[in-house]
Amino acid sequence: MLKHRAVATYVAAVLFSGGGMAEAEAGVTPENIQRTALDSHPGKLRKAVKVHKGGLDVWQVEIHGKDDMDHTLFYNAENGRELSFS
């Protein structure tokens with residue numbers, strides 16, 4: 001009985017928080033990352049690929065900017081935060 005109550009409490013907490021298991025497992029979508037990258041560096045999207053770098057799954061986004069420079073940006077694939085690699 002106590003085990004069922006704990007599961008029900010967990011499910012209610014997940015639903016109440018507005019999140020869900022599917023959202024948490026899905027990570028960041030390519031569309032979201034592309035939009036974020038183009039917002040910070042306007043220009044033409046060259047490519048966006050998911051790679052493993054620095055022990056993390058990251059989105060690598062390449063943009064040819066309106067400043068006529070090429071930009072390579074990295075974003076954490078789980079939370080969408082921009083990363084810096086040296």
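In this text the structure is predicted, and so the values were computed from the model without any measurement.

Criteria and cut-off values
- Residues numbered from 1 in each chain as written.
- Predicted model: local features only at pLDDT ≥ 70, side-chain atom pairs only at ≥ 80, totals over all residues.
- Heavy atoms only, no water.
- Helix = DSSP H or I, 4+ residues; strand = E, 2+ residues; numbered from the N terminus.
- Contact = heavy atoms within 4.5 Å.
- Pairing = 2+ DSSP bridges.
- Buried < 20%, exposed > 50% of the residue type's maximum accessible area, 1.4 Å probe, protein only.

*Asks:* Help me understand the overall build of the protein chain, please; the structure alone is not making it clear to me.
*Replies:* In terms of regular secondary structure, the protein chain is built from three helices and four strands. Helices and strands in the protein chain line up, N terminus first, as α-α-α-β-β-β-β. Taking contacts inside the protein chain between residues at least 6 apart in sequence as the whole, the part at least 24 apart equals 29%.

*Asks:* Would you take a moment to explain the sheet that holds strand β4 (residues 82–83) for this structure?
*Replies:* Think of a sheet as strands paired side by side through backbone hydrogen bonds, with each pair either parallel or antiparallel. The four strands lie next to each other as β1-β2-β3-β4, forming an open sheet whose pairing is antiparallel. What marks the edges here is a single partner per strand, and that holds for β1 (43–53) and β4. Where strand β2 (residues 56–65) and strand β3 (residues 70–76) come together, seven bridges link them in antiparallel fashion. Considered in β3, the bridge of Trp-59 is made with Tyr-75.

*Asks:* Explanation requested: the environment of Ala-48 in the structure shown.
*Replies:* Locating Ala-48 in the fold gives a position in strand β1. Among the residues examined, Ala-48 registers a relative accessible area of 22% and is labelled partly exposed. Spatially, the C-alpha atom of Ala-48 lies 7.3 Å from that of Pro-30, the residues being 18 residues apart in sequence. In this structure Ala-48 touches Gln-34, Trp-59, Gln-60 and Val-61, once residues within four positions along its chain are discounted.

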